[in-house]
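# Geometric and topological summary
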Amino acid sequence: NSVFVEGACMKQLLLLAVALALAAATFSAIAASKTAAMIRAAVHFYNVAISIKQTGVPDAQARARLTPVISPGLDQALARSGQAEAAYAASAKGVTPPPLLAGDIFTSFYDGATSFTVEGCHTKGTGAECTVALSYDPKNDSHTVKPRRWTDRVELVRSDGEWRVDDIDYGGGWPDANKGTLRANLAFAIGNAGGVGR
């Protein structure tokens, strides 16, 4: 009887071990799938953002291309910033003022990026954050701009069941790099155009 009991216990322990292993594998697969979805969202965003090649706040046509890869909140902030820039320019009489936001606003570097690599993503509160290594290589362009490498962080939120970009935390460390976050810079544009878009 003792042999039978020991055999039954061993069988139960083996079944438990198999069940735990399957649960761990399932959890790992779910986590990997979730991370892959975050990475895809960041890749889709940068593919669009880099191809736009516009300085400052993107126009309506460019924003339409961005809409599927950014959150509704960021889309609204871009639209309000565009309205603010237009009102700011129209308020200047006889002169064309410099834009409130100039250069590439989706990366740390004024001239933008020519390539990127999403190095990894992880959940952050109810959202997610991805680390992105970017580079600018002038190639056939004028050699007055030297190649540059830096790392930005992109914030993601869930929208309509998908991950979408909601903000960018600039990581460039040189003096004239974009500082802070994309959202903060858009708020600056809105706030310094006479409150237009508020």
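Here's a quick rundown of the structure. Predicted, not measured: the structure shown is a model, and the values here were computed from it. (Residues numbered from 1 in each chain as written. Predicted model: local features only at pLDDT ≥ 70, side-chain atom pairs only at ≥ 80, totals over all residues. Heavy atoms only, no water.)

### A word on the sheet that holds strand β2 (residues 127-136)
An order of β1-β2-β3-β4 is seen for the four strands of this open sheet, with the pairing classed as antiparallel. Two strands lie at the open edges of the sheet, namely β1 (115-124) and β4 (162-169), each paired on one side alone. Each neighbouring strand pair of the sheet contributes to a mean axis angle of 30°, computed without reference to strand direction. Sheet topology places β1 next to β2; nine bridges connect them, and they run antiparallel. In the strand pairing of β2, Gly120 is matched with Thr131. (Pairing = 2+ DSSP bridges. Helix = DSSP H or I, 4+ residues; strand = E, 2+ residues; numbered from the N terminus. Axes fitted to C-alpha atoms, helices over the stretch in contact; angles between N-to-C directions.)

### Looking at the nonpolar core
Looking at soluble globular proteins, one finds that nonpolar side chains tend to be buried together. In this structure, Phe45, Leu66, Phe106, Cys130, Val154 and Leu186 are the most contacted members of the largest nonpolar core, which totals 47 residues. Those elements that provide at least two residues to this core are α1 (2-52), α2 (60-66), α3 (72-91), β1, β2, β3 (148-159), β4 and α4 (182-191). With 10 residues, α1 is the largest single contributor of residues to this core. Apart from residues no more than four positions distant in its own chain, Phe45 is found in contact with Leu66, Val69, Ile70, Phe106, Val165 and Ile168. (Core = buried A, V, L, I, M, F, W, Y, C linked by side-chain atoms within 4.5 Å. Buried < 20%, exposed > 50% of the residue type's maximum accessible area, 1.4 Å probe, protein only. Contact = heavy atoms within 4.5 Å.)

### Remarks on the pattern of salt bridges
According to the stated counting rule, one finds eight salt bridges in the structure shown. Put simply, Asp166 and Arg183 hold a salt bridge, and the shortest N to O gap is 2.7 Å. Taken as a pair, Asp166 in strand β4 and Arg183 in helix α4 lie far apart in primary sequence, 17 residues in all. The network of salt bridges with common partners includes Lys124, Glu129, Arg153, Glu155 and Asp169. (Salt bridge = Lys/Arg side-chain N within 4 Å of Asp/Glu carboxyl O.)

### Thoughts on unusual backbone geometry
Phi angles above zero are rare outside glycine, and Lys53 is one such case at about 55°. Inspection of the secondary structure puts Lys53 in the loop between α1 and α2. Residues other than glycine seldom take positive phi values, yet Asp160 does so here, at roughly 55°. Note on placement: Asp160 falls in the loop between β3 and β4.

### Digging into the state of the cysteines
In protein chemistry, a disulfide is the covalent bond that joins the sulfur atoms of two cysteines. The tally for this structure, following the rule as stated, stands at one disulfide. Here Cys121 engages in a disulfide with Cys130; their sulfurs sit 2.1 Å apart. Handedness here is read from the sign of the S-S torsion; for Cys121 and Cys130, about 105°, the answer is right-handed. For Cys121, a relative accessible area of 11% corresponds to the buried category. The exposure class assigned to Cys130 is buried, which follows from its relative accessible area of 0%. (Disulfide = S-S within 2.5 Å.)

### Concerning the packing of α3 against α4
It is the contact of α3 with α4, at a shortest axis distance of 8 Å, that shows an interaxial angle of 30°. Crossing angle aside, the handedness with which α3 passes α4 is left-handed. Contacts between α3 and α4 pair Gly73, Leu74, Ala77, Leu78, Arg80, Ser81 and Ala84 from the former with Leu182, Arg183, Leu186, Ala189 and Ile190 from the latter. Of the residues belonging to the contact of α3 with α4, the class tally is eight nonpolar, two polar and two charged. (Left-handed = near helix turned anticlockwise from the far one by under 90°. Nonpolar A, V, L, I, M, F, W, Y, C, P; charged D, E, K, R; others polar.)

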